[in-house]
Amino acid sequence: MAKSKKRGRTPDFHLNRPGKLIAALPAVLGFVPEKSLVLVTVDHGEMGCVMRVDLCDDLTDKLDHLAEVASAAAPDSAIAVVVDETGAGCRCCNDRYRDLSEDLAAALAEYGIELLAAHIVDRIAAGGRWHCADGCGMSGTIEDPSASPLAAAAVLDGRRLYAQRAELARVVEVADPEHSAALAPLIEAGGDPAARPDRAARDDIEAAIGAAAQLADGASLDDALLARLGGALRDVRVRDTLYALAVGESAGQAEDLWALLARTLPDPWRVEALSLLAFSAYARGDGPLAGVALDAALRGDPTHRMSGMLDTALQSGLRPEKIRGLATTGYRLADTLGVRLPPRRAFGKAG
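Now for a quick tour of the structure. Sequence order as written defines the numbering, with residues in each chain counted from 1. Reporting in this predicted model follows two pLDDT cut-offs: at least 70 for local features of residues, and 80 or more for side-chain atom pairs to be given and counted; totals over whole chains, interfaces and linings ignore these cut-offs and use all residues. Neither water nor hydrogens contribute to the side-chain values; these are computed over all heavy atoms in the structure.

## A look at the pattern of salt bridges
1) Next: A carboxyl oxygen of Asp or Glu within 4 Å of a side-chain nitrogen of Lys or Arg is what we treat as a salt bridge. Enumeration over the complete set of coordinates arrives at 16 salt bridges.
2) Next: Residue Glu 272 is joined to Arg 234 by a salt bridge in which the shortest nitrogen-to-oxygen separation is 3.8 Å. Here Glu 272, found in helix H11 (residues 269-283), pairs with Arg 234, found in the loop between helix H8 (223-232) and helix H9 (236-242); they are 38 residues apart in sequence, far enough to count as distant.
3) Next: One salt bridge connects Glu 272 with Arg 239, and the closest N-O pair in it is separated by 3.7 Å. Taken together, the positions of Glu 272 in helix H11 and Arg 239 in helix H9 put the pair 33 residues apart, joining distant regions of the chain. When sorted by exposure, Glu 272 lands in the same class as Arg 239, which is buried.
4) Next: What emerges from the salt-bridge pattern is a single network uniting Arg 196, Asp 198, Asp 204, Arg 228, Asp 235 and Arg 237. Strands are runs of DSSP state E lasting at least 2 residues, helices are runs of H or I lasting at least 4, and numbering of each runs from the N terminus. Under the scheme applied here, a residue whose accessible area is under 20% of the maximum for its type counts as buried, over 50% as exposed, and between as partly exposed, the area being computed with a 1.4 Å probe on protein chains only.

## Some details on the state of the cysteines
Linking two cysteines covalently via their sulfur atoms produces the bond known as a disulfide.
1) Next: Two cysteine sulfur atoms make up a disulfide if the distance between them is within 2.5 Å. Here the structure, examined in full by the defined rule, presents one disulfide.
2) Next: Residue Cys 132 pairs covalently with Cys 136 via a disulfide, S to S 2.1 Å. Taking the sign of the S-S torsion, -125° for the link of Cys 132 and Cys 136, the bridge is left-handed.
3) Next: The thiol sulfur of Cys 92 is not disulfide-bonded, and the nearest other cysteine sulfur, from Cys 90, lies at 5.2 Å.
4) Next: Take Cys 92: its relative accessible area is 58%, and that puts it in the exposed class.

## Examining the side chain of Ser 280
1) Next: Tracing the sequence through the fold places Ser 280 in helix H11.
2) Next: Setting aside residues no more than four positions away along its own chain, Ser 280 makes contact with Ala 246, Ala 251, Glu 255 and Trp 258. Contact between two residues is taken to exist if any of their heavy atoms lie within 4.5 Å; hydrogens are not considered.

Have a look at this one:
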């Protein structure tokens, strides 16, 4: 199940124009969906949460869960989009997707959500073709996704748009498994981080902030520093303090560090880096990156408390400003440990 992406008010955007709506989906999801069912919820006439699932043989069995996730934000209606380049022109496939849309409408109705329309599209690109799933006869072309107002907003927010979900997933994939495995004994040699005095935790927090600045300056991190940071993230004092960096003025530097550690550290240490990356991305409104980081974190440790909580919040469409308050704990811990963190940054109304 894909995570839901919550959008705020979207000027110059019309839900009753399928070509425009479909063209906006890559900007919301962070990548161009293929072989997908995308569900766009509608809240008081505006785009709400957007969810995506893979087209698969047992998709009908997953519709109840999809409807349940959609209902978390209490939308009044929804629009479905089936993306299938090979099946869009297939008569049998269209019959199957018509049945799918009817089953989806029934599942949504259980939660008081009306399915306004279901569209089938071959590809989400300029010149792609869409038609209604129920055989109403309406059809049209897809507008240029790169010209969508939401795409422009994403770029201004500092988000990168990916051609495929697999490309987005590679942001958090382990880059060199052999190198990662070689770091494990170095991390273990550091001993139990919880047994250390507060001074050691404070030094590691400052080392993480310094490492993020090094990366920003184009420097690389040696294995000793990578191992030190990997072990330090298992210290609750260090980890919980570092969550505060997501709302600080050097948030971008910290996020680049978490991404590097996520691609470099072995399990179980990389789970902490993935959770930090997810929180940082979520806090600035990048639901797609938060989603893939959380998927990877929960595969590594299904019981990870912070990742599970963030995953629940993301699936329910909780807005970024609602989760930024978690960073307050980090600032309190920093005061207790005597660490000076970067000052908080101002967020715009939309993010």
